[in-house]
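# Working through the structure, step by step
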Amino acid sequence: MHRSTAVAHGPSAPSGPAAAALPRPAREEAAEGATEHQLTFDGFRYVVRSVGRSTPGQDPVLILGGSSQDRFSWMRHERGLAPLGQLLTVDLPGYGGADFLPERYGVDFLAATVRSLLDALGVARVNLVAACFGGAVGLRFAQHSPGRVRRLMLVGMTRRIPEDYGRAMVRWAGMIERGETGPIAQELTERFMAPPGVGTVRKHAAVTRLVHQQIADQTTEQTAKSAEHNTRLMRHEWYRPEPVPAVPSLVVTGEFDTLTTPDMGREVAASLPAARFLTIRETDHLAPVERTADFADLVVRFCTDQSLHSLPYGTEVESFGSGRH
């Protein structure tokens, strides 16, 4: 039987580097009054960052970031998402500032941790925004705890890990053992970013430099977590075709995302009972960083049932499933 405990702390700010975190915003871009909750699940400590207050009639927003993001990676969005009330970001076990998690614990365990998070904080239901690896965890959580999700937004999500990425992870494991962090940082950066000539990508050069630097500057502890994450990806199911609740869903991909392509996003949307799909223009896999204000606007619109048609930063919405849009 899994057990969770919680200890809340007052306003906080980043206290150390995250495991290959995407570029962090300046402190002044973040909302005020953040609270940190140190939680444990099945003996593993993890950390939740809470900003804002719950609003009557509005479920909190929970963001599950990708494997190279931590709870601080979303600080740049906190002001833009303030109209939604309470915002929760998390370092799940094995990631960011949480405890190391052995690879034998897979997506099911992480999805159960998300459920324990809501139980510990007394949150009945959330609007779930889940990106990349967080999308795999978030979708599994929605499948296993359907009553806890009000709306589901998946960003840069795919139903399958690309074969060439899987082969690369095997090679990266050997490189990590040999301490070849520089070449790994270069390869990972190239995976995240659209290659030159594909199309116009906002902030491409700046984001490329920052992503490379933060991956290359990983500590020994962060490198160990990254290596364990790669093993976890290879040994556990990324996607499982279980029933998904018929809640309003939105799948979003960068226009020039070459890691989780728009067609992969459409495939995800087609597997959901009530989904819409769109791409964010002039972005790649790092769309939330490249068009921060526009991404926050999209989340607010989706979570408040506003129109998603004819957005200046997005392609026209495509509908999948039988749900009303």
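Residues numbered from 1 in each chain as written. Predicted model: local features only at pLDDT ≥ 70, side-chain atom pairs only at ≥ 80, totals over all residues. Heavy atoms only, no water.

## Remarks on the overall build of the protein chain
Helices and strands together make up the secondary structure of the protein chain, namely nine helices and ten strands. In the protein chain, which comprises 325 residues, the proportion classed as buried is 56%. Long-range contacts, defined here as pairs at least 24 residues apart, represent 76% of the contacts in the protein chain between residues at least 6 apart. Split by element, the accessible area of the protein chain, about 13,400 Å² in all, is 51% carbon and sulfur. (Helix = DSSP H or I, 4+ residues; strand = E, 2+ residues; numbered from the N terminus. Buried < 20%, exposed > 50% of the residue type's maximum accessible area, 1.4 Å probe, protein only. Contact = heavy atoms within 4.5 Å. Areas by Shrake-Rupley, 256 points an atom, 1.4 Å probe, with all protein chains shown as cover.)

## Regarding helix H9 (residues 292-303)
Between its first and last C-alpha, H9 extends 17 Å over twelve residues, near the 16 Å set by a 1.5 Å rise per residue. Within H9, the full set of buried residues consists of Thr292, Phe295, Ala296, Leu298, Val299, Val300, Phe302 and Cys303. Those residues of H9 that are buried are in contact with strand E4 (61-64), strand E6 (126-131), strand E7 (149-155), strand E8 (249-254), strand E9 (274-280) and helix H8 (287-290). Directly after H9, the chain includes Asp305, whose backbone phi takes a positive value near 60°. (Expected span 1.5 Å × (residues − 1).)

## Overview of the packing of aromatic side chains
Counting across every chain of the model gives eight aromatic pairs. With centroids separated by 6.2 Å and ring planes inclined at 35°, the aromatic side chains of Trp74 and Phe295 adopt a geometry described as tilted. With Trp74 in the loop between E4 and strand E5 (87-91) and Phe295 in helix H9, this residue pair connects regions lying 221 residues apart in the sequence. For Phe295, a relative accessible area of 2% translates into the label buried. (Phe/Tyr/Trp six-rings, centres within 6.5 Å; stacked < 30°, edge-to-face > 60°.)

## Comments concerning the nonpolar core
Residues Leu62 and Leu64 are the most contacted members of the largest nonpolar core, which totals 64 residues. Counting residues per element, this core draws most heavily on helix H1 (residues 107-121), at eight residues. Not counting chain neighbours up to four residues away, the residues in contact with Leu62 comprise Leu88, Val90, Val114, Leu118, Val126, Asn127, Leu128 and Val129. Listed in part, the 26 residues of the second largest apolar core include Val61, Leu250, Cys303 and Tyr313. (Core = buried A, V, L, I, M, F, W, Y, C linked by side-chain atoms within 4.5 Å.)

## Observations concerning the confidence of the model for the protein chain
Averaged over the protein chain, the pLDDT score is 88; the fraction of residues at 70 or greater is 89%. Here residues 9-29 scores under 50 on pLDDT; set against residues more than four positions off or in separate chains, the count is 62 contacts. (pLDDT = per-residue confidence, 0-100.)

## What to know about the packing of helix H3 (residues 163-177) against helix H6 (residues 220-235)
Interaxial distance between H3 and H6 falls to 10 Å at its minimum, and their mutual angle equals 145°. Judged by the twist between their axes, the crossing of H3 over H6 is left-handed. On the side of H3, the interface is formed by Gly166, Met169, Val170, Trp172 and Ile176, while H6 contributes Thr223, Ala227, Asn230, Leu233 and Met234. Across the contact of H3 with H6, the residue classes tally to seven nonpolar, three polar and no charged. (Axes fitted to C-alpha atoms, helices over the stretch in contact; angles between N-to-C directions. Left-handed = near helix turned anticlockwise from the far one by under 90°. Nonpolar A, V, L, I, M, F, W, Y, C, P; charged D, E, K, R; others polar.)

## Some points on the side chain of Glu228
You can see Glu228 is positioned in helix H6. Of the side chains with opposite charge, Arg232 lies nearest to the buried Glu228, which makes no salt bridge, at 5.9 Å. Ignoring any residue separated from it by four or fewer positions in sequence, one finds Glu228 in contact with Phe100, Leu101, Pro102 and Glu103. (Lys, Arg positive; Asp, Glu negative; His and termini not counted. Salt bridge = Lys/Arg side-chain N within 4 Å of Asp/Glu carboxyl O.)

## Considering the environment of Gly166
By the element assignment, Gly166 lies in helix H3. Separated by 68 residues in the primary sequence, Gly166 and Met234 have C-alpha atoms spaced 7.1 Å apart.

## A word on the packing of H1 against helix H2 (residues 133-144)
Between H1 and H2, the shortest axis-to-axis distance is 8 Å and the interhelical angle comes to 70°. Classified by the angle their axes make, H1 and H2 are roughly perpendicular. H1 and H2 meet at a crossing whose hand is right-handed. Taken together, the residues of H2 that come into contact with H1 (itself represented by Val107, Asp108, Leu110, Ala111, Val114, Arg115 and Leu118) are Phe133, Ala136, Val137, Arg140, Phe141 and His144. Considered class by class, the residues forming the contact of H1 with H2 number nine nonpolar, one polar and three charged. (Parallel < 35°, antiparallel > 145°, perpendicular 65-115°, else oblique.)

## Considerations on the pattern of salt bridges
Opposite charge on two side chains allows them to pair when their charged atoms are near. In this structure the tally under the stated criterion is 22 salt bridges. Measuring nitrogen to oxygen at the nearest pair gives 2.8 Å for the salt bridge that ties Glu180 to Arg178. When its relative accessible area of 27% is taken as the criterion, Glu180 is described as partly exposed. On the accessibility criterion, Arg178 (54% relative accessible area) is exposed. A single network of salt bridges, built from pairs that share partners, joins Asp108, Arg140, Glu237, Arg240 and Glu242.

## A few points about H2
The end-to-end C-alpha distance of H2 is 17 Å, a good match for the 16 Å that twelve residues give at a rise of 1.5 Å each. Burial analysis of H2 places eleven of its twelve residues in the buried class, which makes it a mostly covered element. Within the span of H2, buried status applies to Phe133, Gly134, Gly135, Ala136, Val137, Gly138, Leu139, Arg140, Phe141, Ala142 and Gln143. On its buried face, H2 sits against E4, H1, E6, E7 and H6.

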